[in-house]
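Residue-level listing of the chains:
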Amino acid sequence: MKQFLYIVAFSVFVVSLFAGYANFGIPEIQPAPPPSQEAVDLSSMDMDTFISLGEKLYTTKGTCTLCHNELGRAPMLDNLDGLVAQRLGDDGYGGSAKDVASYLIESMNEPSIYVVKGFGKVGTNDQESPMPDVRSGSIGLSDAETLAIVAYLEDASGLEVSVEIPQGESAPVEEAATESAGSERAHYTTGEEIVAVLGCGACHKIGEFQGELGPDLQEIGSLRDREHLRRSILDPNADITEGFVPMMPPVYADQLYASELELLVDYMASLK
Ligand code: HEC
Ligand code: HEC
């Protein structure tokens, strides 16, 4: 009996030792909050940081470089002084912008107010822009994010930045918005998620998105086999859908793990 009590006492001692170790010895791991809830603090930001925030937004959440790139399907935005003077001086200009910043904001929020010649939506005689309103749908920029992009574009053209860093409640900028799809990200788990994050909806009608520049994908599963769908992501210019210009960026192969590519193909194949 005495030996039994001894064993019990010893066990209690060992267990409490472990409990103690677990409580005090192991550093507590703080689970990271989901990135989308973290807002960037603009109140303490200087202009250089605001400009680099704009640069990140331009290539990530803003998806601007999907279209504004050397493929030439949208005007380049790197010589704004001359470009904006020319637009505002055009007889066909009917907007209300007065300077570079207001022209940029107007172009982003209401792209069809002035459509650059030759760049309009097919069949609209340059009356409608294929560029989505950046506040809506697949892009969804806040006003503060739009201003950051304006600051970046002005700076990139060698101009004095004319916008101020917005303050207070009206300035939500999501931390996650500026993260690019890198190797350290979490794996995507559905095709819908991939379409939303990679911005396919800027150009395609797919799911909730209403893009106009590429083929309508709402029933692509009944038109194309998986092999074709896979190739259209891996090598978008291998075969060009009739009636469209080759402007789908050949960048997705680098942004997806193989298993994720299959998820995306599964999703598209299911659209019937
Ligand atoms: C889906 C393709 C697409 C995306 C995405 C896109 N644009 Fe555009 N953008 C265009 C096209 C096409 C035009 C030319 C037609 C027009 O004038 O609207 C244009 C025109 C513009 C103009 C006017 C250029 C000029 O020469 O007068 C500005 C400024 C602009 N875009 C900024 C942006 C910014 C900033 C973003 C990202 C937040 C963006 N665009 C995203 C396609 C796109
Ligand atoms: C900048 C605009 C743009 C973006 C962004 C874009 N595409 Fe496209 N896509 C096009 C255009 C234009 C075509 C037609 C020309 C071609 O076949 O290359 C096309 C073709 C396709 C096709 C072939 C359609 C057919 O009729 O066979 C598929 C599938 C497709 N895209 C899927 C996607 C997916 C998925 C994404 C996102 C990962 C995406 N695209 C992003 C413009 C875009």
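Quick note: structure is the one above.
Remember, it's a predicted structure, so these values are computed and weren't measured experimentally.

## A word on the coordination of the iron atom of ligand 1
Logical step 1: In the first shell of the iron atom of ligand 1, the protein supplies His68 (NE2) and Met131 (SD), at 2.0 to 2.2 Å from the metal.
Logical step 2: Considering all six donor atoms around the iron atom of ligand 1, angles at the metal cover 87 to 179° and the coordination shape is octahedral. Taken together, the positions of histidine 68 in the loop between helix H3 (64-67) and helix H4 (80-89) and methionine 131 in the loop between helix H5 (100-109) and helix H6 (143-156) put the pair 63 residues apart, joining distant regions of the chain.
Logical step 3: For methionine 131, a relative accessible area of 27% puts it in the partly exposed group.

## Notes on unusual backbone geometry
A negative phi holds for most residues other than glycine; trans holds for most peptide bonds.
Logical step 1: The backbone phi angle of threonine 63 is positive, close to 55°, even though this residue is not glycine.
Logical step 2: Although it is not a glycine, asparagine 125 adopts a positive phi angle of roughly 55°.
Logical step 3: With respect to the helices and strands, asparagine 125 occurs in the loop between H5 and H6.

## Describing the side chain of asparagine 69
Logical step 1: With respect to the helices and strands, the residue asparagine 69 is situated in the loop between H3 and H4.
Logical step 2: Side-chain polar atoms of asparagine 69 contact the backbone oxygen of threonine 65, separated by 3.0 Å.
Logical step 3: In contact with asparagine 69, other than residues within four places in its own chain, are Ala74 and Met76.

## Observations concerning the site of ligand 2
Logical step 1: In the vicinity of ligand 2, 28 residues are found, and the nearest of them are Cys200, Cys203, His204, His228 and Met248.
Logical step 2: Arginine 224 is positioned such that a nitrogen or oxygen atom in its side chain is 2.8 Å from an oxygen atom of ligand 2.
Logical step 3: Counting only elements with at least two residues in the shell around ligand 2, the list comes to H3, helix H9 (226-234) and helix H11 (258-269).
Logical step 4: Examining the composition of the shell around ligand 2, we find that four residues originate from one element, H9, more than from any other.
Logical step 5: Here the shell around ligand 2 is built from residues that sort into 20 nonpolar, six polar and two charged.

## Things to note about the coordination of the iron atom of ligand 2
Logical step 1: Within the protein, the iron atom of ligand 2 binds to His204 (NE2) and Met248 (SD); these donor distances fall in the range 2.0 to 2.1 Å.
Logical step 2: Looking at histidine 204, the relative accessible area reads 11%, which means it is buried.
Logical step 3: A relative accessible area of 25% means that methionine 248 is categorised as partly exposed.

## Remarks on the site of ligand 1
Logical step 1: Neighbouring ligand 1 are 30 residues; Cys64, Cys67, His68, Tyr103 and Met131 lie closest to it.
Logical step 2: Between ligand 1 and histidine 68, the relevant distance is 2.8 Å, taken from a nitrogen atom to a side-chain nitrogen or oxygen of the residue.
Logical step 3: Between an oxygen atom of ligand 1 and a side-chain N or O atom of tyrosine 103, the distance comes to 2.5 Å.
Logical step 4: At the level of secondary structure, the elements contributing two or more residues to the shell around ligand 1 comprise H3, H4 and H5.
Logical step 5: In terms of residue count, H5 provides more of the shell around ligand 1 than any other element does, four residues in total.

## Here we look at a negative patch on the surface
Logical step 1: A cluster of acidic residues, Asp46, Asp48, Glu55 and Asp155, forms a negative patch at the surface.
Logical step 2: Relative to the helices and strands, aspartate 48 is located in helix H2 (residues 47-59).

## Quick word on the packing of H9 against H11
Logical step 1: In the contact formed by H9 and H11, the axes pass within 9 Å of each other and the chain directions differ by 125°. Here H9 lies oblique to H11, going by the angle between them. Considering the relative orientation of H9 and H11, their crossing is right-handed. From H9, Arg226, Leu229, Arg230, Ile233 and Leu234 reach across to H11, where they touch Leu261, Glu262, Leu264, Val265, Asp266, Met268 and Ala269.
Logical step 2: Grouping the amino acids of the contact of H9 with H11 by side-chain chemistry returns eight nonpolar, no polar and four charged.

## Some remarks on the environment of cysteine 203
Logical step 1: Take cysteine 203: it is sitting in the loop between helix H7 (191-198) and strand S1 (205-206).
Logical step 2: In this structure cysteine 203 comes out as buried when scored by relative accessible area, which is 14%.
Logical step 3: Taking the C-alpha atoms as reference points, cysteine 203 and glycine 214, separated by eleven residues in sequence, lie 5.1 Å from one another.

## Focus: the nonpolar core
Logical step 1: Formed by 38 residues in total, the largest nonpolar core has its most connected members in Leu42, Phe50, Leu53, Leu80, Ile149 and Leu153.
Logical step 2: Contributions of two or more residues to this core are made by H2, H4, H5 and H6.
Logical step 3: Broken down by element, this core gets its largest block of residues, eight residues, from H6.
Logical step 4: Of all hydrophobic cores here, the second largest spans 26 residues; its members include Ala202, Leu256, Met268 and Ala269.

## Here's the deal with H11
Logical step 1: For H11, with twelve residues, the first-to-last C-alpha span of 16 Å sits near the 16 Å given by 1.5 Å per residue.
Logical step 2: Within the span of H11, buried status applies to Glu260, Leu261, Leu264, Val265, Tyr267, Met268 and Ala269.
Logical step 3: Buried residues along H11 sit against H7, S1, helix H8 (220-223), H9 and helix H10 (252-255).

What counts, and at which threshold
- Residues numbered from 1 in each chain as written.
- Chains lettered and ligands numbered in written order.
- Predicted model: local features only at pLDDT ≥ 70, side-chain atom pairs only at ≥ 80, totals over all residues.
- Heavy atoms only, no water.
- Donors = N, O, S within 2.8 Å, 3.2 Å for Na, K, Ca; no water.
- Tetrahedral: all angles 85-135°; square planar, octahedral: opposite > 155°, others 65-115°.
- Helix = DSSP H or I, 4+ residues; strand = E, 2+ residues; numbered from the N terminus.
- Buried < 20%, exposed > 50% of the residue type's maximum accessible area, 1.4 Å probe, protein only.
- Polar contact = N/O pair within 3.5 Å; in protein donor to acceptor, adjacent residues only side chain to side chain.
- Contact = heavy atoms within 4.5 Å.
- Near = heavy atom within 4 Å.
- Nonpolar A, V, L, I, M, F, W, Y, C, P; charged D, E, K, R; others polar.
- Patch = residues over 30% accessible without salt bridge, like charges linked within 9 Å, V, L, I, M, F, W, Y side chains within 5 Å.
- Areas by Shrake-Rupley, 256 points an atom, 1.4 Å probe, with all protein chains shown as cover.
- Salt bridge = Lys/Arg side-chain N within 4 Å of Asp/Glu carboxyl O.
- Lys, Arg positive; Asp, Glu negative; His and termini not counted.
- Charge placed at Lys NZ, Arg CZ, Asp CG, Glu CD.
- Axes fitted to C-alpha atoms, helices over the stretch in contact; angles between N-to-C directions.
- Parallel < 35°, antiparallel > 145°, perpendicular 65-115°, else oblique.
- Left-handed = near helix turned anticlockwise from the far one by under 90°.
- Core = buried A, V, L, I, M, F, W, Y, C linked by side-chain atoms within 4.5 Å.
- Expected span 1.5 Å × (residues − 1).

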